[in-house]
Amino acid sequence: MTQQIATFQIEGMTCAACVGRVEKALSGVEGVSDAAVNLASETARVSFDERTNVDALVGQLKSAGYPARQAHVVLEIEGMTCASCVGRVDKALEAVPGVTAVSVNLASETAQVEYLEGTVELGALLRAAKEAGYPARVQGGAERPVVNRKEEEAKALRLRLILAATLTLPVFIMEMGGHLVPAFHHWIQMTIGQQTSWLVQFVLTSVVLFGPGRSFYAKGVPALLKGAPDMNSLVAVGTAAAYGFSVVATFLPDVLPGATRAVYFESAAVIVVLILLGRFLEARAKGRTGEAIRKLLGLQAKTARVERAGEVLDLPVADVAPGDIVIARPGERIAVDGRVIDGHSYVDESMITGEPIPVAKEAGADVVGGTVNGTGMLRFEAVKVGDDTMLAQIIRMVEQAQGAKLPIQGMVDRITLWFVPVVMGVAALTVLAWAVFGPSPALTHALVAGVAVLIIACPCAMGLATPTSIMVGTGRAAEMGVLFRKGDALQALDGVDVVAFDKTGTLTQGHPTLTDFVVAEGEDRDAVLAKVAAVEALSEHPVARAIVDAYGQDVAPVEKFGSVTGYGVMGTVDGIRVMVGADRLMARRKVDLGALEAVGKALAEAGKTPLYAALDGRIAAVIAVSDPVKNSSKSVINALHAQGLQVAMITGDNAATARAIGAELGIDHVVAEVLPQGKVEVLEGLRAGGKKVAFVGDGINDAPALAHADVGIAIGTGTDVAIESADVVLMSGDLRGVVDAFRISGRTMLNIKQNLFWAFGYNTALIPVAAGAFYPVFGWQLSPMLAAGAMAMSSVFVLSNALRLRSVKPSNVA
């Protein structure tokens, strides 16, 4: 069955228990094969087949109490002239998966589109309208601004926090001031009196709970009634208990024993303030976790200068079509991916490769949308536009990696799914134990302990521990030119024991280069090289191309050119008969190699390919060609060894060459003369003893090995990043990215473990304290206000710790 993937933005998730319920709801839909929910990004990524559809999934989310977030956009439609046009536009837009409602207005020539945020790309709507024959653009501009929803949420929470804190301050002063300063208590009694003080506290606290704190009840109570309590339920029950007890004490004092008559309005109000404070700080921190995506989105050009019908037009980038001729002026951001037709300039491609040096571009060169043109002007043909551009692919990869669920998260989900119900049970037992066995006033102690347990145990930090680290870690990796196509590669890479490299194009440059040219005694090096290059210029062999490139000048004409397959080439240059080839060609033509024979053998032992040149039948030079090792290969392998990893090299090259390169680089395992399909068997051998293996290849002929390895790392080619076989893609093609990938993986996994240790340790340690387990021995009883503060700061700690990953620096491997 054909699999589809949809990503939803989810409303109402506040803790890890919510994550478990959303996953359970989605997984219960027929046709769903996988549902990964991320609390930090508040998204759900669902894989499903034709047995279900997006609408069914949206309905299931709504039934579970966690609706998919809706977005709205107004499109200006061109070309509508009648009601049938309206129907065609309506039908075209409604057909886009994820669109929930369309309203087309002929008079205003607009279409109002409601769609699922995160599921529908704006470009898809514009293309759908255009393909129906009615070009569209977003009302008010070519593109929507990149909105940080968490920043907007933080602003709203800030207003609620300020209002709640302003109303709570008098309540706190009136009640707690009397406890802290007895004279203040007497002053209250002598002026407005205790009853009036309680009435003022009642009014202010009621406004706090049912104003800024209303969302806790609006979300928590329905969840509780459904038998699926979440963090909001804990807060709602805890504050309602403190508030309800206080209301009874204020208005029905005779119901309570005299010794227990007290109010806890300040606890209920302060809990709301502190949790709103935590939510505010959390929203701000969450906003920063998505910084990498917003930076990438900010790289997208908004408009493009396009040549059409002899005119140069400034068009929205969404209107650029493949085949359009686009002009990039000096200093402009290149709009889409394309191929240069004419012009010359240097383009800053650092956002793709991480390399700061601009790249020369001229006719025939590829350019990438989002990169910045230098001082020249370029005309190029648009090749990939919209969602097909490399920048769009990168954004999708990063989003998918950030929304991934690591295996370590499964343990967290299993625990948190039953955590909240258990906490409510512990709170009930705590109240019962204090009411039966507690000292006088037992009911007061029972209320304080029960509310403290409910508040302290909110599992927010547990739910945020893993996804926030993934979001920040993969985002920082993308900025360093390392793309985790699959988020679980983060954890898998941290457990790797052996790193296996392909040789050609990975450890080496990937093309032959002239490395040695030793002439016989009495010969002039430049003269011999000129004649050899002239003959080799007529050959198509890669080795011949290396020699011609090394000569770098115009060659002399050649007469009587010929070649013998497997032996070499020959021709006449300036009246001199020139032969270039392997030692067997010299033996066949009875040319004595003399002292150069030993030189040739030494070069072969060094892993190079020796060739010989003869002029008029006498030996003139020995030539060595090899695929040179990349400058960074040695230092990268040393860095991997320093991390305790073994390194292997797999190559189809001959054993002597492979051994020479292996010795030069200090490689632990060298496997040579392996065909591409044989690399999979070699990987299986390296796995002996339960070892985990990562394979690093160029992503072209190494697809089977990349797919078979525990982690496949593809060396990107700059413009081809969609390497489906790999788990990790190195954008710049620089091997130092391998070290960066291991570095970011290790740091992220350590960060996740720190977060989980804190989250679980915090709850494990403080629930007994809140329940009053230490009261008989030390007299410790945790105030609900302190519990609320500690709970809020726990989430802030986890987020702040995850944000430290933004400071990870690229490796300083030379």
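If you're wondering where the values come from, they're calculated on a predicted model, not measured in any experiment.

Chemist: Mind laying out the overall build of the chain, listing which residues take part and the relevant values?
Modeler: Counting secondary structure elements, the chain contains 29 helices and 29 strands. Among the 814 residues that make up the chain, the fraction classed as buried is 52%. Contacts in the chain between residues far apart in sequence, at least 24 positions, make up 69% of those at least 6 positions apart. For the chain, the exposed surface amounts to about 34,700 Å²; the carbon and sulfur share of it is 57%.

Chemist: I'd like a rundown of the confidence of the model for the chain, residues and numbers included.
Modeler: For the chain, per-residue confidence averages 82 on the pLDDT scale, and 90% of positions sit at 70 or higher. The low-confidence segment residues 141–147 (pLDDT under 50) makes 13 contacts with residues lying over four places distant or belonging to another chain.

Chemist: Account for the sheet that holds strand β10 (residues 325–328), with residues named and values stated.
Modeler: Here we have 6 strands laid out as an open sheet, ordered β9-β8-β10-β16-β11-β14, and antiparallel in their pairing. Every other strand in the sheet has two partners, leaving β9 (311–316) and β14 (366–367) as the edge strands with one partner each. Judged from the 6 bridges that link them, strand β11 (residues 337–343) and strand β16 (residues 378–384) form a sheet pairing that is antiparallel. Within β16, the residue paired with Gly338 across the bridge is Ala382.

Chemist: A description of the sheet that holds strand β6 (residues 110–116) should follow, citing residues and the corresponding values.
Modeler: Taken together, the 4 strands give an open sheet; going across it, the order is β5-β6-β4-β7, and neighbouring strands pair in antiparallel fashion. Taken across any chain shown, the strands that pair with only one partner, and hence form the sheet edges, are β5 (99–105) and β7 (136–138). The sheet shows a mean angle of 25° between the axes of neighbouring strands, taken without regard to direction. In the sheet, β5 pairs with β6 via 6 bridges, with the strands oriented antiparallel. Note that in β6 the partner of Asn105 across the bridge is Thr110.

Chemist: Give a detailed account of the UniProt feature "transmembrane region" (unreviewed entry) in the chain, specifying residues and quantitative values.
Modeler: Per the UniProt annotation, the sites labelled "transmembrane region" (unreviewed entry) are residues 159–181, 187–210, 231–251, 263–281, 415–437, 443–466, 756–778 and 784–803. Structurally, residues 231–251 comprises 100% helix and 0% strand, and the distance from its first C-alpha atom to its last is 30 Å. For residues 756–778, helix accounts for 87% and strand for 0%, while the C-alpha atoms at its two ends are 29 Å apart.

Chemist: Describe a positive patch on the surface, and please don't skip the residues or the numbers.
Modeler: The grouping of Lys560, Arg577, Arg588 and Arg589 at the surface amounts to a positive patch. Residue placement: Arg589 occurs in the loop between α21 (583–588) and α22 (596–605).

Chemist: Give a detailed account of the side chain of Thr52, specifying residues and quantitative values.
Modeler: Tracing the backbone shows Thr52 in the loop between β3 (43–48) and α2 (54–64). For Thr52, a relative accessible area of 8% translates into the label buried.

Chemist: Explain the packing of aromatic side chains to me, using residue names and the numbers behind them.
Modeler: Scanning all chains against the criterion turns up 7 aromatic pairs. With 5.9 Å between their ring centres and 65° between their planes, Tyr243 and Phe265 make a pair best called edge-to-face. On the criterion of sequence distance, the pair formed by Tyr243 in helix α9 (residues 231–251) and Phe265 in helix α10 (residues 265–289) is long-range, its members being 22 residues apart. The pair Tyr243 / Phe265 is uniform in exposure class, with both members buried. The structure contains a cluster of three or more aromatic residues connected by ring pairs, namely Phe202, Phe210, Tyr217, Tyr243, Phe251 and Phe265. Positioned over the ring face of Tyr567 is Arg584, at 5.8 Å from the centre of the ring. It is Arg588 that lies over the ring of Tyr567; its NZ or CZ is 4.6 Å from the centre.

Chemist: With reference to specific residues and values, describe the pattern of salt bridges.
Modeler: Proximity of charged atoms lets side chains of opposite charge pair with each other. Across all of its chains, the model carries 19 salt bridges by this definition. Residue Arg137 is joined to Glu76 by a salt bridge in which the shortest nitrogen-to-oxygen separation is 2.9 Å. Here Glu76 lies in strand β4 (residues 70–77) and Arg137 lies in strand β7, a separation of 61 residues in the sequence. Given a relative accessible area of 22%, Glu76 falls into the partly exposed group. Of the charged contacts in the structure, one is a salt bridge between Arg379 and Glu307, with a shortest N-O distance of 3.0 Å. Of this pair, Arg379 sits in strand β16 while Glu307 is found in strand β8 (residues 303–308), placing the two residues 72 residues apart along the sequence. For Arg379, a relative accessible area of 23% corresponds to the partly exposed category. Among the residues examined, Glu307 registers a relative accessible area of 27% and is labelled partly exposed. Sharing partners across several salt bridges, the network here consists of Glu11, Glu42 and Arg69.

Chemist: So what's going on with unusual backbone geometry? Which residues, and what values?
Modeler: Positive phi is not limited to glycine here, since Lys560 has a value of about 55°. Residue placement: Lys560 occurs in strand β20 (residues 559–564). Residue class for Lys560 comes out exposed when judged on its relative accessible area of 67%. Look at Asp616: it is not a glycine, yet its phi comes out positive at around 50°. Assignment of secondary structure puts Asp616 in the loop between β23 (609–615) and β24 (618–626). We classify Asp616 as partly exposed; its relative accessible area is 48%.

Chemist: Can you explain the nonpolar core? Please cite residues and give values.
Modeler: Phe8, Leu640 and Phe742 are the most contacted members of the largest nonpolar core, which has 137 residues in total. The leading source of residues in this core is helix α27 (residues 736–771), at 15 residues. Judged by nonpolar contacts, the second largest core, of 28 residues, contains Val498, Val682, Ala709 and Ala714.

Chemist: Go over a nonpolar patch on the surface, please, and point to the residues and values.
Modeler: Taken together, the side chains of Leu429, Leu432, Val436 and Phe437 present a nonpolar region at the surface, about 490 Å² in accessible area. Here Phe437 lies in helix α14 (residues 407–437). On the basis of relative accessibility, which here comes to 72%, the residue Phe437 falls in the exposed class.

Chemist: Just give me the short version of the packing of α9 against helix α15 (residues 442–456), but keep the residues and values in it.
Modeler: When two helices pack together, their arrangement is given by the angle between the helix axes and the distance between those axes. Running from amino to carboxyl end, α9 crosses α15 at an angle of 160°, the nearest separation of the two axes being 8 Å. It follows from the interaxial angle that α9 and α15 lie roughly antiparallel. Of the two elements, α9 crosses α15, and the hand of that crossing is left-handed. Touching Leu234, Val235, Val237, Gly238, Ala241, Ala242 and Phe245 of α9 are Leu443, Thr444, Leu447, Val451, Leu454 and Ile455, all from α15. Broken down by class, the residue content of the contact of α9 with α15 amounts to 11 nonpolar, 2 polar and no charged.

Chemist: Lay out the pairing of strand β28 (residues 711–715) in plain terms, naming residues and giving numbers.
Modeler: Burial analysis of β28 places 5 of its 5 residues in the buried class, which makes it a mostly covered element. Neither face of β28 is open: one carries Val711, Ile713 and Ile715, the other Gly712 and Ala714, and all of them are buried. Note: β28 against strand β29 (residues 728–730), 3 bridges, orientation parallel. Within the sheet, the bridge partner assigned to Ile715 lies in β29 and is Leu730.

Chemist: Can you explain helix α7 (residues 194–210)? Please cite residues and give values.
Modeler: Over its 17 residues, α7 runs 24 Å from end to end, which matches the ideal 24 Å to within 8%, given 1.5 Å per residue. Among the residues making up α7, those that are buried are Ser197, Trp198, Gln201, Leu204, Thr205, Ser206, Val208 and Leu209.

Chemist: Could you give me a rundown of the packing of α15 against α27, with the residues and numbers involved?
Modeler: It is the contact of α15 with α27, at a shortest axis distance of 8 Å, that shows an interaxial angle of 170°. With respect to their mutual orientation, α15 and α27 come out roughly antiparallel. Residues Ala449, Ala452, Val453 and Ile456 of α15 lie in contact with α27, whose contacting residues are Tyr762, Asn763, Leu766, Ile767, Ala770 and Ala771. In the contact of α15 with α27, the residues fall into 9 nonpolar, 1 polar and no charged.

Chemist: Residues and numbers for the environment of Lys361, please.
Modeler: Take Lys361: it is sitting in strand β13 (residues 359–361). Sequence-wise, Lys361 and Val347 are 14 residues apart; in three dimensions their C-alpha atoms are separated by 6.9 Å. In this view, Lys361 contacts Val340, Gly343, His344, Ser345, Val347, Glu349, Asp366, Val367 and Leu378; residues no more than four positions away in its chain are not counted. Among the polar contacts listed, one links the side chain of Lys361 to the side chain of Glu349, at a separation of 2.9 Å.

So, how was this worked out
- Residues numbered from 1 in each chain as written.
- Predicted model: local features only at pLDDT ≥ 70, side-chain atom pairs only at ≥ 80, totals over all residues.
- Heavy atoms only, no water.
- Helix = DSSP H or I, 4+ residues; strand = E, 2+ residues; numbered from the N terminus.
- Buried < 20%, exposed > 50% of the residue type's maximum accessible area, 1.4 Å probe, protein only.
- Contact = heavy atoms within 4.5 Å.
- Areas by Shrake-Rupley, 256 points an atom, 1.4 Å probe, with all protein chains shown as cover.
- pLDDT = per-residue confidence, 0-100.
- Pairing = 2+ DSSP bridges.
- Axes fitted to C-alpha atoms, helices over the stretch in contact; angles between N-to-C directions.
- UniProt positions renumbered as here; feature names shortened; annotations may be inferred.
- Patch = residues over 30% accessible without salt bridge, like charges linked within 9 Å, V, L, I, M, F, W, Y side chains within 5 Å.
- Salt bridge = Lys/Arg side-chain N within 4 Å of Asp/Glu carboxyl O.
- Lys, Arg positive; Asp, Glu negative; His and termini not counted.
- Charge placed at Lys NZ, Arg CZ, Asp CG, Glu CD.
- Phe/Tyr/Trp six-rings, centres within 6.5 Å; stacked < 30°, edge-to-face > 60°.
- Lys NZ or Arg CZ within 6 Å of the ring centre and 35° of its normal.
- Core = buried A, V, L, I, M, F, W, Y, C linked by side-chain atoms within 4.5 Å.
- Parallel < 35°, antiparallel > 145°, perpendicular 65-115°, else oblique.
- Left-handed = near helix turned anticlockwise from the far one by under 90°.
- Nonpolar A, V, L, I, M, F, W, Y, C, P; charged D, E, K, R; others polar.
- Expected span 1.5 Å × (residues − 1).
- Polar contact = N/O pair within 3.5 Å; in protein donor to acceptor, adjacent residues only side chain to side chain.

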